[in-house]
Amino acid sequence: MIIITQPSIRYPTIYWRKEEAAQKWIQANMEFRSNSVSRGVWTVQPIGRLGNLMGQYATLYALAKHNRKQAYILPKMHWELSKVFKLTLPVLHAEVDHRMKWNLYELHDWMSSEYLHIPLEHVKFVGYPCSWTFYHHVREEILREFSFHDFIKEEANAYLSMIRGNRQNVTFIGVHVRRGDYVHIMPKVWKGVLADQAYLKKAMDYFRNRYSRPLFVVTSNDMDWCRQNINNSLGEVHFAGDGVEVSPGRDFALLTHCNHTIMTIGTFGFWVGYLVGGETVYLSNFTLPESDFLQVFRYEAAYLPQWKGIQADLSPLERNETESKEGP
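What counts, and at which threshold
- Residues numbered from 1 in each chain as written.
- Predicted model: local features only at pLDDT ≥ 70, side-chain atom pairs only at ≥ 80, totals over all residues.
- Heavy atoms only, no water.
- Core = buried A, V, L, I, M, F, W, Y, C linked by side-chain atoms within 4.5 Å.
- Buried < 20%, exposed > 50% of the residue type's maximum accessible area, 1.4 Å probe, protein only.
- Helix = DSSP H or I, 4+ residues; strand = E, 2+ residues; numbered from the N terminus.
- Contact = heavy atoms within 4.5 Å.
- Axes fitted to C-alpha atoms, helices over the stretch in contact; angles between N-to-C directions.
- Parallel < 35°, antiparallel > 145°, perpendicular 65-115°, else oblique.
- Left-handed = near helix turned anticlockwise from the far one by under 90°.
- Nonpolar A, V, L, I, M, F, W, Y, C, P; charged D, E, K, R; others polar.
- Pairing = 2+ DSSP bridges.

A.B. asks: Quick question: what am I supposed to make of the nonpolar core here?
C.D. replies: Soluble globular proteins tend to pack their nonpolar side chains together in the buried interior. F85, Y135, W271 and F286 are the most contacted members of the largest nonpolar core, which totals 88 residues. Per-element accounting of this core gives the leading share, 10 residues, to helix 2 (residues 50-66). Residues in contact with W271, not counting those within four places in the same chain, are G51, M54, G55, A58, C130, Y135, I142, F146 and F252. L160, F172, A240 and C258 belong to the second-largest nonpolar core, a separate cluster that totals nine residues.

What follows is the structure, given as structure tokens:
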């Protein structure tokens, strides 16, 4: 087994500040030479939960296609994603995975030029790639890969119809609030914050000002916090999530059948916005400038240029940093 690591400081980074620049780069660099494939077997190590797995799948799909290699997914990834989506990539048998002499190829979370030409036959990608910069040039194909099973679509649409009731011309806004382990990880490990009450109000007001009859459909892994911090005095908020992380497919399907998206942080919310295709509002600049998180994450590679970012309130973190430096 050969391990290939590529320190991030050596990457000729490719990412975009404006959509026009993104389109120019795509046209210049991502013209596929043919639909045929050359010798080789490429796969990706499945790590994490639904949003992580979707990012790994989409990245594998796009990189293998550009390098004209056959992409396979491992049984664990197939087991998790095929519950929800009509996937088309073939599944590699566990025994083949075990006996194959893989080149382990580490990816960071934005597209780089060296990924365009990887001269290896047997590649297993490792890491947490999710950035749209890997696969946005084949967006329609990715959307087809992540097509829901018919019964899931029917259930989601029936639920939305039920909560709409007799209201007419409703605009559904899916709201995903990521909390859980991030409540401790963000401030203690990454010097960051989560979405707070003020952010959610600003995001919801954005849609209230744009649509006359918004209906906010809220899911989260901390529904109690949402009920306490999201104002429903107007009767336009529906708390739909059950907070069960072991089976996130229901919440995901429900949110992606809405018209627009409010996300906080995390890959789950990103994929909701990406699949919906409407307007997406996200929490921006949620870490201090010196956070190590920015070594593995770049805002401009994480969120589409047309999405709307709302600045996080970092003042609580900044006060804590100042107090810790000053000491008792």
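On we go from here.
A.B. asks: Looking at this model, I keep getting lost on the packing of helix 2 against helix 11 (residues 267-276). Mind explaining?
C.D. replies: Between two packed helices, both the angle of their axes relative to each other and the distance between the axes serve to describe the pair. Viewed as axis vectors pointing N to C, helix 2 and helix 11 meet at an angle of 60°, and their least axial separation amounts to 7 Å. Taken together, the axis directions place helix 2 and helix 11 in an arrangement best described as oblique. The interaxial crossing formed by helix 2 with helix 11 has left-handed handedness. Between helix 2 and helix 11, the residues in contact are L50, G51, N52, M54, G55 and A58 and T267, F268, W271 and L275, respectively. Partitioned by chemical class, the residues of the contact of helix 2 with helix 11 number six nonpolar, four polar and no charged.

A.B. asks: Looking at this structure, how should I read the sheet that holds strand 6 (residues 171-177)?
C.D. replies: Working definition: the strands of a sheet are paired by backbone hydrogen bonds and lie parallel or antiparallel to each other. What the six strands build is an open sheet, ordered 8-7-6-9-10-11; its pairing is parallel. Every interior strand has two partners, whereas the edge strands, strand 8 (237-239) and strand 11 (308-311), have only one. Each strand axis lies, on average, 25° off the axis of its neighbour in the sheet, ignoring direction. Along the sheet, helix 6 (residues 150-164) contacts strand 6, strand 7 (214-220) and strand 8; its crossing angle with strand 7, the most-contacted strand, is approximately 125°.

A.B. asks: Explanation requested: the side chain of R178 in the structure shown.
C.D. replies: Mapped onto the fold, R178 is located in the loop between strand 6 and helix 7 (182-188). Using a relative accessible area of 12% as the deciding quantity, one classes R178 as buried.

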